[in-house]
Amino acid sequence: MTTATNIDPRALRSHDFRNFVHTVLLVGGTAFLAGAIAFVTFGYGGIVYAVVFSAAGIFMLGRASPKMVLSLYKARPLAQHEVPELHAVLEQLSANAGLPAVPKLHYVPSKMMNAFAVGSKTDSAVAVTDGLLRAMTLRQLSGIIAHEVAHIRSGDLRVMGMADVLNRVTGFMSTLGLIGVPVMFGTGLDFPVLGLLLLIFAPTIGGLLQLALSRAREYDADLDGAALTGDPEGLASALSVLERQRGAVLEGLVLPGARVPEPSLLRTHPRTENRIARLMSLRRDGSRTLELPQGRAVPGPSIIPVVRPPRIHWSKMGIWY
């Protein structure tokens, strides 16, 4: 991995090692849980079924095309002439990451501030929403795109997909086991209490492990993205903007000035303040190594229709149109 000159390499190696250990433990725990549920439900033969189902799911996951996911979000490709600055940044980041192919840049017609990556190293795409393009500076957008490129390079999409497959196998086996418990009680056979508790709580435990894995991979993508740009403050600034926007949305759903507390165990992403603190701990000096092109960074006028409140036809007094 190419480390930028203003990133402290010792801090980066320490964070990378910790995230690697977390990922191994969480993926291993998810796989062990799936195997345990399969054994409780069907014995040793259940482990074989779990392996077969998991292998089939992971194989199908690898065959899924990025276009399929992008179509669900009504994403369209962003041409070079629309956002030449972002294309230049994406190409440079892909070169820094050593990707064999530059991810395709896509535009999602949504006012939400979001970005995501799909695909593999050889066939991938990075999608950004209209709201994100209009709220961020080019420096902040570069940090966000670097974060998504880091996901692609690290194979996080496949890791998270594998964890999801294992969790689904766990849930399926647990459901079959719970269906079979009344049958066993009806025949007078004893069912181990620990096995019953495992059948009941395994899907919840698997879900919590999957959420923890997601948080670990997000931390890793933050740090690797900062190494690609050499500018941890750029991504930290973007995360701060996203947190303020998220807080404003939550305040609009509840009482003004109130925030909805979200337990750490139920978050797909780490707390923003923790992510920013980790990014800031990487700084070694105030320079930036990623040369940003000059110019605009949005694709011209938004393609989203202007949303206006309903108006009153005063001549008819109260008829909305």
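Our structure's up above, just so we're on the same page.
Residues numbered from 1 in each chain as written. Predicted model: local features only at pLDDT ≥ 70, side-chain atom pairs only at ≥ 80, totals over all residues. Heavy atoms only, no water.

The strands making up a sheet are joined through hydrogen bonds of the backbone, oriented either antiparallel or parallel. Taken together, four strands build an open sheet; the order of strands is 1-2-4-3 and the sheet is mixed. On the outer flanks of this sheet lie strand 1 (76-77) and strand 3 (115-119), each paired with one strand and no other. Two strands pair when backbone bridges link them, and strand 2 (residues 104-108) and strand 4 (residues 124-129) are joined in this way by five bridges, in the parallel orientation. In the strand pairing of strand 4, Leu105 is matched with Val126. (Pairing = 2+ DSSP bridges. Helix = DSSP H or I, 4+ residues; strand = E, 2+ residues; numbered from the N terminus.)

Here we take up helix 4 (residues 84-97). A rise of 1.5 Å per residue sets the reference length of helix 4, with its 14 residues, at 20 Å; its end C-alpha atoms lie 20 Å apart and thus fit the reference within 8%. Inspection of helix 4 places Glu85, Leu86, His87, Val89, Leu90, Leu93, Ser94 and Ala97 among the buried residues, and these make up the whole buried set. For helix 4, the secondary structure elements touched by its buried residues are strand 2, helix 5 (130-135), helix 6 (138-154) and helix 8 (193-229). The first or second residue beyond helix 4 is Gly98, which carries a positive phi of 75°. (Expected span 1.5 Å × (residues − 1). Buried < 20%, exposed > 50% of the residue type's maximum accessible area, 1.4 Å probe, protein only. Contact = heavy atoms within 4.5 Å.)

What follows deals with the pattern of salt bridges. For side chains of opposite charge, pairing can occur when their charged atoms come near one another. Applying the stated criterion across every chain, the model contains ten salt bridges. Its salt-bridge partner being Asp130, residue Lys111 comes within 3.7 Å of it at the nearest N-O pair. Here Lys111, found in the loop between strand 2 and strand 3, pairs with Asp130, found in helix 5; they are 19 residues apart in sequence, far enough to count as distant. According to the relative accessible area criterion, Lys111 is exposed, its value standing at 54%. By relative accessible area, Asp130 is classed as buried at 1%. Of the charged contacts, one joins Arg168 and Asp164 as a salt bridge, the two residues approaching to 2.9 Å between their closest N and O atoms. Taken together, the residues span about one helical turn, with Arg168 and Asp164 both in helix 7 (residues 156-186) at a distance of four residues. (Salt bridge = Lys/Arg side-chain N within 4 Å of Asp/Glu carboxyl O.)

A word on the pairing of strand 2. Looking down a regular strand, the side chains alternate between one sheet face and the other. In terms of residue burial, strand 2 counts as a mostly covered element, since four of its five residues are buried. Of the strand pairs in this sheet, strand 1 and strand 2 are connected by two bridges, and their pairing is antiparallel. Residue pairing for strand 2: Pro77 is matched across the bridge by His106.

Ranked by size, the top nonpolar core spans 35 residues in total, and within it Leu86, Leu93, Leu132, Met136, Ile144 and Val149 carry the most contacts. Those elements giving two or more residues to this core turn out to be helix 4, strand 2, strand 3, strand 4, helix 5, helix 6, helix 8 and helix 9 (232-253). The biggest single contributor to this core is helix 6, with seven residues. If sequence neighbours within four positions are ignored, Met136 has contacts with Met113, Leu141, Ile144, Ala238, Val241 and Leu242. (Core = buried A, V, L, I, M, F, W, Y, C linked by side-chain atoms within 4.5 Å.)

At their nearest, the axes of helix 8 and helix 10 (residues 272-280) sit 10 Å apart, and the two run at 35° to each other. Seen along the crossing, helix 8 lies across helix 10 with a hand that is right-handed. When helix 8 is examined against helix 10, the residues Glu218, Tyr219, Asp222, Leu223 and Ala226 are found in contact with a partner set consisting of Asn274, Arg275, Arg278 and Leu279. (Axes fitted to C-alpha atoms, helices over the stretch in contact; angles between N-to-C directions. Left-handed = near helix turned anticlockwise from the far one by under 90°.)

In this structure, Gln245 sits in helix 9. Gln245 sits in the partly exposed class, given a relative accessible area of 22%. Between the C-alpha atoms of Gln245 and Met112, which are 133 residues apart in sequence, the distance is 9.3 Å.

Moving on, we get to the side chain of Thr272. With respect to the helices, strands and loops of the structure, Thr272 is situated in helix 10. A residue is classified by how much of its surface remains accessible, and Thr272, at 11% relative accessible area, is buried. Not counting the four nearest positions on each side in its chain, Thr272 is found in contact with Leu239, Glu243 and Arg267.

Below, the discussion takes up the pairing of strand 3. By the criterion of burial, strand 3 is predominantly enclosed, with four of the five residues buried. As paired elements, strand 3 and strand 4 share five bridges and run antiparallel to each other. Paired with Phe116 across the strands is Ala127, a residue of strand 4. Counted along the chain from strand 3 to the antiparallel partner strand 4, the turn is four residues long.

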